Amino acid sequence: MNHLVIGGTRYMGRILVRMLLERGDDVAVFSRGNLRPDWWDQVEHIQGDRKDRDDFHEKLKGRSFDAVFDMQAFEKEDVESADETFAGNVGRYLMVSTGSVYLDGKLDFSTHIPFKESDVDWSSLDYTYPKDEDPYGVGKRHCEKYLQENSQVPFTIIRVPAVMGEDDPSARMWWWIQRALDGRGVVIPMNDRAPFRTLYAGDGASNFIRAVESPAAENQTYHIAMQQIMTPERWPGLIWEAAGHTCPITYIPKEIIGSQNGLGEYAPPLTRPIPYIHDLSRAEIDFGHMTTSAEKWISQTVEWYRSNPPAENSEGYEHREEELRLAERWKELFGGLVGEWSEKS
């Protein structure tokens, strides 16, 4: 098999390339070449900047690939140039999209549990960037709309949630693991206790491959995410357990947390006030979507960070002591209130 990965040198893209090479596939990578993973000498590198449309077209027009994995499509012009370049020469074009397409009021998660791919419709969407809306989510919506309405190449759109795992460039996983490794507890905003799904980076890559090889996934849009549903109790519990500790959780109203010195921006990644649960049934039926158990990949990830701690602390860790002092003070006050109530009863 002969594949092209656009932007394959970081995170899921890097893992995807390694998986394809391990299968014995031929892989070309289109990137600026600033990062050179350990598989660099095993791929064909096509150097270029995605935003230089003429250069992109010149270097890739007429090249034939069984599949193109596009990790770097962020605006309509990206998929438009890809469509013009690959028309007639590609078996499948996979565009990695995001759960951010649902934000800015496009979907009410509190009434869509789980939410389906068909719960949104881009037919009336235009290609403008409304003021005060996240340009990342808006751009991904534009990419999806263009493909659904104009694509000349067989495509598959995959919407992913927040992606976790080893060497996470967003540092969201490090936020949790650094706190777990110090062996102390965590504060979770009382307002943000809804269940959720996330995605292990390795599972993202493996399901991209399954999707492009499935005839049923042609010209379709899918969710992929971990099959287990996490809660704000289960998630840190697994991380702390993998780190060799138990996790005392203190629930405190968000307003109280934010009023404390140094904790004004305190926001544990993945916590939210409303459920965020994808319907995975279409992906499971059409291309056999499957994921690693949370217990396994979280344990692997914790061990990776234990051996490879980032040079910088996670967001807000410089205020870790304030966080823990607040937890202790809250427990004292709450315990006193409970005792007082018990005496009156």
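As a reminder, the structure under discussion sits directly above these lines.
Because the structure is a prediction, the values reported are computed rather than measured.

Asker: How should I be thinking about the overall build of the protein in this particular structure?
Answerer: Looking only at helices and strands, one finds eleven helices and eleven strands in the protein. Since a compact globule built from 345 residues should have a radius of gyration of about 20 Å, the 22 Å found for the protein is in line with a globular shape. Viewed in the frame of its principal axes, the protein has a C-alpha envelope of about 80 × 45 × 35 Å. Counting over 345 residues, the protein shows a buried share of 51%. Contacts in the protein between residues at least 24 apart in sequence constitute 78% of all its contacts with a sequence separation of at least 6. Distance between charge centres in the protein, computed from 38 positive and 57 negative side chains, equals 2 Å.

Asker: When you look at a negative patch on the surface in this model, what are you seeing that I'm missing?
Answerer: A surface patch of like charges, here negative, comprises D49, D52, D54 and E58. Structurally, the position occupied by D52 is in the loop between β3 (44–47) and α2 (53–60). On the basis of relative accessible area, D52 is assigned to the partly exposed category, the value being 39%.

Asker: Where do I start with unusual backbone geometry in this structure?
Answerer: Where the residue is not glycine, phi is negative for most of them; where a peptide bond is considered, it is trans in most cases. Between I113 and the following residue, P114, the backbone shows a cis peptide bond with an omega angle of -5°. At D132, a residue that is not glycine, the phi angle is positive and equals roughly 75°. Residue classification places D132 among the exposed positions, given a relative accessible area of 74%. We note that A171 has phi near 65°; this positive angle belongs to a residue other than glycine. Position of A171 among the secondary structure elements: in the loop between β7 (163–164) and α5 (172–181).

Asker: When you look at the packing of α5 against helix α10 (residues 294–307) in this model, what are you seeing that I'm missing?
Answerer: A pair of packed helices is captured by two measures, namely the crossing angle of their axes and the spacing between those axes. Packing of α5 against α10 brings their axes to within 10 Å, and their N-to-C directions diverge by 75°. Considered as vectors, α5 and α10 are oriented roughly perpendicular to each other. Residues M173, W174, I177 and L181 of α5 lie in contact with α10, whose contacting residues are W297, I298, T301, V302, Y305 and R306. Of the residues belonging to the contact of α5 with α10, the class tally is eight nonpolar, one polar and one charged.

Asker: Which parts of the structure should I look at to understand the sheet that holds β3?
Answerer: Consider a sheet: its strands pair through backbone hydrogen bonds, and that pairing is either parallel or antiparallel. Strands sit in the order β3-β2-β1-β4-β5-β6-β10 across an open sheet of seven strands; the sheet is parallel. Pairing within the sheet leaves two strands with one partner each, and these edge strands are β3 and β10 (220–223). Within the sheet, the average angular offset between the axes of one strand and its neighbour, ignoring direction, is 20°. Taken together, the six bridges between strand β5 (residues 90–98) and strand β6 (residues 155–160) define a ladder with parallel strand orientation. Each residue of the ladder has a partner; that of S97, found in β6, is R159.

Asker: I tried to follow the pattern of salt bridges on my own but got confused; where do I start?
Answerer: Side chains bearing opposite charge may pair, as long as their charged atoms lie close to each other. Considering all chains together, one arrives at 28 salt bridges under this definition. For the salt bridge of D25 with R23, the shortest nitrogen-to-oxygen distance reads 2.6 Å. The exposure class assigned to R23 is partly exposed, which follows from its relative accessible area of 39%. Between E323 and R320 there is a salt bridge, with the nearest N and O atoms lying 2.8 Å from each other. Of this pair, E323 and R320 both sit in helix α11 (residues 320–344), three residues apart, which is roughly one turn of that helix. Taking relative accessible area as the criterion, E323 reaches 2% and is therefore assigned buried. Counted as one network, the salt bridges with shared partners bring together R179, D182, R184, R320, E321 and E323.

Asker: Which parts of the structure should I look at to understand the layout of surface pockets?
Answerer: To find leftover empty space, one rolls a probe the size of a water molecule over the atoms. A volume near 1,200 Å³ is recorded for the largest pocket. For the lining of the largest pocket, the secondary-structure elements that each account for two or more residues are α1 (11–22), β2 (26–31), β5 and α4 (135–150). Considering only residue class, the lining of the largest pocket consists of 20 nonpolar, 14 polar and ten charged. The volume enclosed by the second largest pocket comes to roughly 340 Å³. In terms of lining residues, the second largest pocket is bounded by 21 residues, among which W175, E265, Y266, A267 and E315 are the most central. Broken down by element, the residue count for the lining of the second largest pocket peaks at three residues, all from α5. Tallied by class, the residues present in the lining of the second largest pocket amount to nine nonpolar, five polar and seven charged.

Asker: Hey, could you run me through the packing of aromatic side chains in this one?
Answerer: Geometry of an aromatic ring pair is reported as the spacing of the ring centres plus the angle between the planes. Following the criterion strictly, the structure yields 18 aromatic pairs and no others. Seen from their ring centres, F74 and Y136 are 6.2 Å apart, and the 45° between their planes marks the pair as tilted. With a gap of 62 residues between them, F74 in the loop between β4 (65–70) and α3 (76–86) and Y136 in helix α4 connect regions that are remote in the sequence. On the accessibility criterion, F74 (31% relative accessible area) is partly exposed. Residue classification places Y136 among the partly exposed residues on the basis of a relative accessible area of 37%. Taken together, W175, W176, F196, Y200, W235, Y266 and W297 form an aromatic cluster joined through their ring pairs. The ring of W175 is capped by R179, whose NZ or CZ atom sits 3.8 Å from the centre of that ring.

What counts and how
- Residues numbered from 1 in each chain as written.
- Predicted model: local features only at pLDDT ≥ 70, side-chain atom pairs only at ≥ 80, totals over all residues.
- Heavy atoms only, no water.
- Helix = DSSP H or I, 4+ residues; strand = E, 2+ residues; numbered from the N terminus.
- Rg over C-alpha atoms; globule rule 2.2 N^0.38 Å.
- Buried < 20%, exposed > 50% of the residue type's maximum accessible area, 1.4 Å probe, protein only.
- Contact = heavy atoms within 4.5 Å.
- Lys, Arg positive; Asp, Glu negative; His and termini not counted.
- Charge placed at Lys NZ, Arg CZ, Asp CG, Glu CD.
- Patch = residues over 30% accessible without salt bridge, like charges linked within 9 Å, V, L, I, M, F, W, Y side chains within 5 Å.
- Areas by Shrake-Rupley, 256 points an atom, 1.4 Å probe, with all protein chains shown as cover.
- Salt bridge = Lys/Arg side-chain N within 4 Å of Asp/Glu carboxyl O.
- Axes fitted to C-alpha atoms, helices over the stretch in contact; angles between N-to-C directions.
- Parallel < 35°, antiparallel > 145°, perpendicular 65-115°, else oblique.
- Nonpolar A, V, L, I, M, F, W, Y, C, P; charged D, E, K, R; others polar.
- Pairing = 2+ DSSP bridges.
- 1 Å grid on protein atoms, 1.4 Å probe; cavity = no way out; pocket = protein on both sides within 12 Å on 5 of 7 lines; lining within 4 Å.
- Points joined across faces, edges and corners; volume = space filled by probe spheres on them.
- Phe/Tyr/Trp six-rings, centres within 6.5 Å; stacked < 30°, edge-to-face > 60°.
- Lys NZ or Arg CZ within 6 Å of the ring centre and 35° of its normal.

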